[in-house]
Amino acid sequence: MASKATIYRQRSSERVIAACTTHANKIQLALGHIYTPDMGVASSILINGLTASLSECTRRMIEADTANEAELQDDDGVRRNRDEAAEKLYSQLTTTRDQVTIICGPEFVAELGFRGDTPRDPVALTRLAEVVQHKLNTTLAPVPLIPGYVFDANIWKKPLTEYLIALKEALYSEANESREAEATLLAKREAISRYDQEFSRTANLVSTLLEISGEAELARRVRPSFQQPGQTSEDASDSQPTTH
């Protein structure tokens with residue numbers, strides 16, 4: 001979905017461009033009559049150039065906004081994958097903790113790295129899982145509390161390793177998506193800033209030329225807003241404050 005900030009700006013841009021296209025000849029004739037024919041021709045050339053530039057800035061702004069919105073939608077899937085991987089690792093760690101406590105007692109469980117509550121934060125989970133994984137490889141287990149039971153660390157190491165790898169991959173993907181989202185957001189803000197500058201120049205000039213041409217009402221409709229960058233005053237009065 002397009003952002004409101006760009007939707008409002010696009011609407012004002014289209015209004016100003018339409019005014020330029022529709023009334024360029026009227027402005028040319030009026031300025032040619034008031035000043036000189038050459039002045040009228042010059043105004044037409046200027047209006048056409050500014051209109052083309054504003055159209056291009058508007059297009060780039062829309063493209064940047066679309067790219068940023070698409071990237072944010074991708075982030076939703078990445079976060080779901082991260083949360084699912086974190087839930088599986090959390091479940092495996094709590095299962096390991098409970099089962100090993102029954103088999104070998106709480107002191108051995110503490111040696112494996114379990115202290116306090118098992119964290120929910122994905123990064124903290126990976127840190128704990130790495131410690132437990134290492135300790136299962138290096139710590140000698142005591143005689144099991146269950147008679148005849150033979151302690152085999154691989155029973156817990158294998159699924160723990162599997163879920164740990166999955167969460168690390170999910171966190172890596174999330175970090176990459178975050179960087180890409182920041183890049184598209186920066187590009188969007190830069191595109192909006194360029195658009196706002198071009199819109200202000202174009203709308204101010206067209207409004208002034210219409211005013212000179214005796215079209216006060218048309219001039220009012222395309223006059224830029226001082227409160228809402230990138231919008232006409234008329235559009236800004238109908239919209240909520242926008243941000244980048």
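Residues numbered from 1 in each chain as written. Predicted model: local features only at pLDDT ≥ 70, side-chain atom pairs only at ≥ 80, totals over all residues. Heavy atoms only, no water.

> Explain the nonpolar core to me, please; I cannot follow it from the model alone.
Within soluble globular proteins, side chains that are nonpolar tend to cluster in buried spots. Grouped together as the largest cluster of nonpolar side chains are 25 residues, with contacts concentrated most on L89, L93, V100, L136 and F151. At the level of elements, α2 (37-104), α3 (106-111), α4 (122-138) and α5 (154-212) are the ones that each hand at least two residues to this core. When residues in this core are grouped by element, the largest group, 8 residues, is from α2. Leave out the neighbours within four places in its chain, and L136 touches L112, F151, A153, W156, K157 and L160. (Core = buried A, V, L, I, M, F, W, Y, C linked by side-chain atoms within 4.5 Å. Buried < 20%, exposed > 50% of the residue type's maximum accessible area, 1.4 Å probe, protein only. Helix = DSSP H or I, 4+ residues; strand = E, 2+ residues; numbered from the N terminus. Contact = heavy atoms within 4.5 Å.)

> What am I meant to see in the packing of aromatic side chains here?
The relation between two aromatic rings is expressed through the spacing of the ring centres and the mutual angle of the planes. Overall, the coordinates contain 3 aromatic pairs when judged by the stated rule. Through a chain of ring-to-ring contacts, three or more aromatic side chains come together here, namely F108, F151 and W156. Across from the ring centre of Y90, 3.6 Å away, lies the NZ or CZ of R120, which sits over that ring. (Phe/Tyr/Trp six-rings, centres within 6.5 Å; stacked < 30°, edge-to-face > 60°. Lys NZ or Arg CZ within 6 Å of the ring centre and 35° of its normal.)

> So what exactly am I meant to see when it comes to the packing of α4 against α5 here?
The relative placement of two packed helices is expressed as an angle between their axes plus a distance between the axes. As a packed pair, α4 and α5 sit with axes 10 Å apart at the nearest point and diverge in direction by 150 degrees. Relative to α5, the element α4 lies roughly antiparallel. In this structure, α4 crosses over α5, and the sense of that crossing is left-handed. Here α4 contributes P122, V123, L125, T126, A129, E130, V132, Q133, L136 and N137 to the contact with α5, which in turn contributes W156, K157, L160, T161, L164, L167, K168 and L171. Looking at side-chain class alone, the contact of α4 with α5 contains 11 nonpolar, 4 polar and 3 charged residues. (Axes fitted to C-alpha atoms, helices over the stretch in contact; angles between N-to-C directions. Parallel < 35°, antiparallel > 145°, perpendicular 65-115°, else oblique. Left-handed = near helix turned anticlockwise from the far one by under 90°. Nonpolar A, V, L, I, M, F, W, Y, C, P; charged D, E, K, R; others polar.)

> Sorry, what's going on with the confidence of the model for the protein here?
Any residue range with low pLDDT should be treated as having predicted coordinates unsuitable for detailed reading. Of all residues in the protein, 97% have pLDDT values of 70 or greater, and the mean over the chain is 93. At the level of individual helices and strands, the protein shows its lowest average pLDDT in helix α7 (residues 233-238), which scores 85, and its highest in α3, which scores 96. (pLDDT = per-residue confidence, 0-100.)

> Would you take a moment to explain the environment of A187 for this structure?
Position of A187 among the secondary structure elements: in helix α5. Separated by 14 residues in sequence, A187 and S173 have C-alpha atoms that sit 21 Å apart.

> Quick question: what am I supposed to make of α4 here?
In an α-helix, one turn spans 3.6 residues, which is why side chains three or four residues apart end up on the same side. The end-to-end C-alpha distance of α4 is 24 Å, a good match for the 24 Å that 17 residues give at a rise of 1.5 Å each. Inspection of α4 places P122, L125, T126, L128, A129, V132, Q133 and L136 among the buried residues, and these make up the whole buried set. Across the axial projection of α4, the buried residues extend over an arc of 165 degrees, all falling on one side. Exposed residues lying more than 90 degrees from the buried face of α4 are R127 and T138. Where the residues of α4 are buried, they touch α2 and α5. In this structure D121 caps α4, since a side-chain oxygen of it lies 3.1 Å from the backbone nitrogen of V123. (Expected span 1.5 Å × (residues − 1). Arc of directions from axis to C-beta. Polar contact = N/O pair within 3.5 Å; in protein donor to acceptor, adjacent residues only side chain to side chain.)

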